[in-house]
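Commentary on secondary and tertiary structure
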Amino acid sequence: MPTVHCSNRDCQAPNDLGDRLCKTCRTPLLKRYLWAVGDWIKAYQPGELLLERYLLVRPQVLLDTTPALGVEGPEEIPAHILPYQKLLPFRLNVPEVYDYFPSWDEEKDLSVWLLDYGPVALDEAGEPVHEQLLPSLGEMWEHACPLQQLTWLWQMIRLWQPLQRQGVVSSLLEFDWLRVQGPQVLLQQLKLDEHQFYEMKYLAGVWEPLLTNAHPAIADFCQTLWKKLKQGKIPHADHLLRVLDTGIQSLAEQYDFSYTVFALTDGGPSRDHNEDACFPVSETPIEGQQLANTMTLICDGVGGQEGGEIASQWVIEHLPVRVISKIQKQMNEPEQIRTFIQHLKEDIQEVNEQLNRRNDREERTERERMGTTLVMALADFQQFFLANVGDSRCYWLTADSCKQVTVDDDVASREVRLGLMLYRHAVELPRSGALTQAVGLGPSAQLHPIIQRLIVPTDCLFLLCSDGFCDYNRVEQYWQDDFLPVLQGDRPVAEAVPRLIELANQVNGHDNVSVALIHCQISPSVPTPTQAEKAAAEAEINDPEGDSPEEDFTGDTELGLKAIAYPDFSQRPVSKPKETEPEHPIPQQDPKESLASRPFDTQPPLPPEEIPLNPPLDPPTIMAEQLNKTHRSRSLAAKFLTLSKTSQLLIAGGMVIIIATLTVAMLNLSQGNGEQNQPSSSLIDLSVGHG
């Protein structure tokens, strides 16, 4: 009979696989099911135990029977594992490497790595519901609402450039690897690219089952999008991201969004004062839709006696005022959103600068300097903005998923992103939890707040908390027992938050604790018949044929989204578009042909989601200048190749004549100088040395 040990390090008692609670300490059992990648795993049969720890329950699916223990990890991270490490900021959509077994045969690649997707759906026997841990995107697509469908597409394109930089963008072209975990698309694994010339049109073949079978409310939009991809009229990821962003914005206008916010903080049973602080400070939950009345902050002070308390309170008193004063009534345009994100970053840095100067005035040094962590959330209809500094966290919880969104600014996460260690190994370091940055500890030039923008397509909870609550995997352990009742309507937010504070004091109790819940509820607002008729009539006038091949997404504020303006939520049949050109599965032609694609100028995507490392791993200035020179030379070469053969010959001939003339002139000049002056010995030595 297989057993799983309690994840509580002070207990670790063995339990049956079907048990929900530990028989000894009554802690909810954390069952980590992992996906194995590598040929070596095929040599084992279900029921076998690998390395006296991992139970193979089905092909490529293993259970960690001792989840409280760390892992040793390899001495050096292999090249094919590095992309997972570098993509840690995109943990919502990319799995994390849990453990790695190097090959014992130098001539054969028998290595195996285990991928962690977080908590997965389990049946009554405690085993995964889905054969491959997560359902496929194709399986879930037809059951999803139109807003969820567009959001899944948006998430994939948001990943395009980060994956491309790590040489694994072809992972998005493996349809069977596109999995769903709650509201997120999650890649089952990563694939190293075979070349560097992957284009947007490759997606036409991959996305065909999705775009040609979209929800009726967005069917016309998706069919047009599919055709443009096939024709190569959307050649860049930033353009496609902008198109999807506008489609989501237009569709979201037909939904009602309601946010309920409640935050509390407590000193805990073992501390004599509370260095945490939270916002808003209210005895009852606050409801709203827009940024100003959905702002939520959690701060966990650090440094010196009472220093952390001063820092956290300072941020709570000054940051919300600054942010709210710059909030616009509407943020639908790309430039408005980019400006808001930039202001948010500047506000955090300004508050940091004020605290840093105070530390300097009071001559605080090293650990005496006062600072604070920060995690902040703001919701604006379907948009959710998140900023964090330090190790206070945000979790995204739905009826069937529990995902950590933020990345801690600590030593363990830094080692992972630098590609030096696996996370489960790094957290075992003596100072793995030491912060690499916090608000107030240094000048703003050295502070890099991580700011994210998410799309919320379904009912969910966002949990903001200090480490007094989330330490020891408490969120994953108590997710189903203490968060699902809120989503199911069985427990109001006003009751849930005090209950979570009490739970943290019972199961942790080593620190101050702060908890904030943001409950998002979404429902479609079906348009009136008059509105629907008006929209249908307008669409008929503008496009009487119902399908204009010349219609493009560029240069139009509506971006061809008339079909979304007043969607019909009835289930009318969806027909495939007529085949007017060859299909675009992943092309087999020479990848270099992609260089001939015409340039396509668009506005920047929304927003540039490059999450910095602290300190940023930017190339030195000299290296950057060399890269710029190389880029400019390649640009000139590319322009030369686009000219006609006649023009190329004329230019080449002219260059030969110019070079010959200059050579003759320089020879004459050198002969004249040589008769007048003899070179010094140092210059002679130098020329010989270079030769």
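Report on the accompanying structure. (Residues numbered from 1 in each chain as written. Predicted model: local features only at pLDDT ≥ 70, side-chain atom pairs only at ≥ 80, totals over all residues. Heavy atoms only, no water.)

Some words on the pattern of salt bridges
For clarity, the threshold we go by: Salt bridge, as used here, is a side-chain nitrogen of Lys or Arg placed within 4 Å of a carboxyl oxygen of Asp or Glu. Only DSSP runs of H or I with at least four residues qualify as helices, and only runs of E with at least two residues qualify as strands; both kinds are numbered from the N terminus onward. A 1.4 Å probe rolled over the protein chains alone gives each residue an accessible area, and that area as a share of the maximum for its type sets the label: buried under 20%, exposed over 50%, partly exposed in between.
Per the stated rule, a full pass over the model turns up 23 salt bridges. Taking the shortest distance from any N to any O, the salt bridge between R53 and D64 comes out at 2.8 Å. Of this pair, R53 sits in the loop between β4 (49-50) and β5 (54-58) while D64 is found in strand β6 (residues 61-64), placing the two residues 11 residues apart along the sequence. With respect to class, R53 is no different from D64; both count as buried. Across the pair R453 and D245 runs a salt bridge, and its minimum N-O distance is 2.8 Å. Of this pair, R453 sits in strand β20 (residues 450-455) while D245 is found in helix α6 (residues 237-252), placing the two residues 208 residues apart along the sequence.

Some points on the sheet that holds strand β8 (residues 112-116)
Definition in use: At least two DSSP bridges between two strands are needed for those strands to be called paired.
The antiparallel open sheet is built from six strands, whose spatial order is β4-β5-β6-β3-β8-β7. Whereas interior strands pair on both sides, the edge strands pair on one side only; in this sheet they are β4 and β7 (96-101). Sheet topology places strand β3 (residues 33-37) next to β8; four bridges connect them, and they run antiparallel. Across the sheet, A36 pairs through a bridge with L114, a residue of β8.

Considerations on the side chain of K31
Short version of the rule: We call two N or O atoms a polar contact when they sit within 3.5 Å, provided that within protein one can donate a hydrogen and the other can accept it, with sequence-adjacent residues counted only if both atoms are side-chain atoms.
Looking at the secondary structure, you find K31 in the loop between β2 (14-16) and β3. Among the polar contacts made by the side chain of K31, one reaches the main-chain carbonyl oxygen of D19 at a distance of 2.8 Å.

Focus on the sheet that holds strand β18 (residues 393-398)
Inclusion rule: Orientation is described by axes fitted as lines to C-alpha atoms, over the contacting stretch for helices, and by angles from 0 to 180 degrees between their N-to-C directions. When checking whether two residues touch, look at their non-hydrogen atoms; a contact exists if any pair is within 4.5 Å.
Strands sit in the order β13-β11-β22-β21-β18-β19 across an open sheet of six strands; the sheet is antiparallel. Single-partner strands in this sheet number two, and they are β13 (286-288) and β19 (401-404). Pairwise comparison of adjacent strand axes, ignoring direction, gives a mean angle of 20° for this sheet. Where strand β21 (residues 460-465) meets strand β22 (residues 513-524), six bridges bridge the pair, whose relative direction is antiparallel. Residue pairing in the sheet places L464 in a bridge with A516 of β22. Along the sheet face, helix α12 (residues 474-482) touches β18, β19 and β21 and points at about 30° away from the line of β18.

Points about the environment of Q521
Relative to the helices and strands, Q521 is located in strand β22. Q521 gets classed as partly exposed once you look at its relative accessible area, which sits at 37%. Beyond its immediate stretch of four places on either side in the chain, Q521 contacts D256, F257, S258 and D459.

Brief notes about the packing of aromatic side chains
Condition: Any two rings among Phe, Tyr and Trp, with Trp reduced to its six-membered ring, count as a pair given centres within 6.5 Å; such a pair is stacked if its planes are under 30 degrees apart, edge-to-face if over 60, and tilted if neither. A ring has a charge above it when a Lys NZ or an Arg CZ is no more than 6 Å from the ring centre and no more than 35 degrees off the ring normal.
Within this structure, the stated rule accounts for 11 aromatic pairs. Here W40 and W104 contribute two aromatic rings whose centre-to-centre distance is 5.3 Å and whose plane-to-plane angle is 75°, an arrangement assigned as edge-to-face. Placement of the pair is W40 in the loop between β3 and β4 and W104 in the loop between β7 and β8, with a sequence separation of 64 residues. According to the relative accessible area criterion, W40 is buried, its value standing at 11%. Ring plane angle 70° and centroid distance 5.1 Å describe the contact between F340 and F385, whose orientation is recorded as edge-to-face. Within this pair, whereas F340 is found in helix α8 (residues 334-361), its partner F385 is found in strand β17 (residues 383-389), the two being separated by 45 residues in sequence. The same class applies to F340 as to F385, namely buried. By way of ring pairs, the aromatic residues W40, Y44, Y54, F101 and W104 are connected into one cluster. One residue, K230, lies across the ring of W226, its end atom 4.3 Å from the ring centre.

A few points about helix α5 (residues 219-230)
How we decide: An expected span of 1.5 Å times one less than the residue number is assigned to each helix.
Taking 1.5 Å per residue, 12 residues should reach 16 Å; α5 reaches 17 Å between its end C-alpha atoms and fits that length. Counting buried positions along α5 yields 11 of 12 residues, so the element is predominantly enclosed. Among the residues of α5, those classed as buried are A219, F221, C222, Q223, T224, L225, W226, K227, K228, L229 and K230. Where α5 terminates, the next one or two residues include G232, which has phi positive at roughly 75°.

By themselves, these observations are geometric and do not establish any function.
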